[in-house]
Amino acid sequence: MKRIPSGIPGMDELIEGGFLEGSATLVSGGAGCGKSIFCTQFLYNGAKDYGEPGIFITLEEGPTNIWWNMQRFHWDITKLQTEKKLKIYRFGMYDPAVFANKIDDELKKIQEMVEEMGAKRLVIDSTTAFGLWLEKEQMIRHTIFKISESLKKLGCTTLLTAETNGKKDVYSAFGVEEFAVDGIVMLYFVPPNRSIFVRKMRGTNHDKRVHPFDITDKGVTVHSKDEIMWESLH
Ligand SMILES: Nc1ncnc2c1ncn2[C@@H]1O[C@H](COP(=O)(O)OP(=O)(O)OP(=O)(O)O)[C@@H](O)[C@H]1O
Ligand SMILES: [Mg+2]
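My aim in this report is to walk through the structure given alongside it, one point at a time. A quick note: this is a predicted structure, and the numbers were derived from the prediction, not measured. (Residues numbered from 1 in each chain as written. Chains lettered and ligands numbered in written order. Predicted model: local features only at pLDDT ≥ 70, side-chain atom pairs only at ≥ 80, totals over all residues.)

1. Some thoughts on helix α6 (residues 137-153)
Alright, step 1. Over its 17 residues, α6 runs 25 Å from end to end, which matches the ideal 24 Å to within 8%, given 1.5 Å per residue.
Alright, step 2. Turning to α6, its buried residues are I140, T143, I144, I147, S148 and L151. Here the buried residues of α6 occupy an arc of 120 degrees about the axis, which is enough to place them on one side. Looking at α6, the residues exposed on the side facing more than 90 degrees away from the buried face are Q138, E149 and K153.
Alright, step 3. At the exit of α6 stands G155, carrying a positive phi of roughly 80 degrees. (Helix = DSSP H or I, 4+ residues; strand = E, 2+ residues; numbered from the N terminus. Expected span 1.5 Å × (residues − 1). Buried ≥ 20, exposed ≤ 12 C-beta atoms within 10 Å, placed from the backbone. Arc of directions from axis to C-beta.)

2. Examining the site of ligand 1
Alright, step 1. Around ligand 1, the structure places 13 residues, and the nearest of them are G32, K35, S36, I37 and I215.
Alright, step 2. Contributing elements (two or more residues each) for the shell around ligand 1: α1 (35-50) and β10 (211-216).
Alright, step 3. Here the shell around ligand 1 takes three residues from α1, the largest share from any one element.
Alright, step 4. The residue makeup of the shell around ligand 1, split by class, is four nonpolar, five polar and four charged. (Near = placed C-beta within 6 Å. Nonpolar A, V, L, I, M, F, W, Y, C, P; charged D, E, K, R; others polar.)

3. Description of the sheet that holds strand β4 (residues 54-58)
Alright, step 1. Taken together, the nine strands give an open sheet; going across it, the order is β5-β4-β6-β7-β3-β8-β9-β10-β11, and neighbouring strands pair in mixed fashion. Sheet topology places β5 (86-90) and β11 (219-222) at the edges, where each strand pairs with a single neighbour. Between one strand and the next, the sheet's axes are offset by a mean angle of 25 degrees, whatever the strand orientation.
Alright, step 2. Packed onto the sheet, α1 meets β3 (24-29), β4, β5, β6 (121-125), β7 (157-163), β8 (183-190), β10 and β11 and runs at close to 160 degrees relative to β6.
Alright, step 3. Packed on one face of the sheet, helix α2 (residues 63-72) meets β4 and β5 and runs near 145 degrees to β5. (Pairing = 2+ DSSP bridges. Axes fitted to C-alpha atoms, helices over the stretch in contact; angles between N-to-C directions. Contact = placed C-beta atoms within 7 Å.)

Worth remembering: the numbers are spatial, not functional.
Listed below in C-alpha cells is the structure:
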C-alpha cells in the first residue's frame, strides 16, 4: 500500500512513512491544541511538495479566517488556489430541523469538487460541529459514520478533526468518531508543552510514545526523537 507523506516534519517517522493512501484519520484534542494548523499543513504541503490537490472543508472557522491563518505561516495559498490545487469549502450551515436532509446534497457537492480537482487529500474541520446541528446523539453517530463512509469511497486520504475536553484518554467529542476512522492522532497541550501521540493507525506499526511538537511561524514540527512521559499528561 502506498504511503502518503503528512507534510509535517517529524510526523512520518511515527507512522512508517505516512498515512495509508485512502485512509481516514481523526486528529483529536482540546481547544487550541493545533488541530486546524496540523490539517492545513497536510493540505498545503501535499499540494506544494507532492502535487496532490486538496480540499479543506470547514464547519467552524470561515474561509477568510482560514486564509488569514495560512498567511501567518507565509504559506502562499493564492497560487495553489489559482492552480486548482487547493480549495477551502464552507460546509453549508442549516437549521437543525433540516440539516439531516441536506447531508446528501453536501456530500454530492464534495464528490463533484473532488472529481473536478482530482483531489487526493481532504480535511473535515471539525466533526464536532455536526453535533451542534443535530439534536439526537443517535443521529450524530449515524451522521458521522455516514459522512466518513462516503468520503472513504472518494479514495482521498482524509483527516477529520474532533474536539475533546483535552483529557489524555478521551479521543473524541461523541465517543463514536474513533470507530469510524482508520487512525487516531492525539494532540495535547499541557502548558508549556504541546505533545502528540498516535493512538491507532490500522495497517501500521506506529510509534507508541508521546512526543513534543512545536507550532512556530513555519507551522507544526514534531520532535520524533524526544519523548514526553504519558504520566505528565492530564
Ligand atoms: N505563528 C504561530 N506561532 C506559534 N503558535 C501559534 C502560531 N499560530 C497559532 N499558534 C498557536 O496555535 C493555536 C491554535 O491552533 P489551531 O487553531 O490549529 O488549534 P485547534 O486545535 O484547531 O483549536 P480550536 O479548538 O479552536 O479549533 C493557538 O492557540 C496558538 O497557541
Ligand atoms: Mg480548529
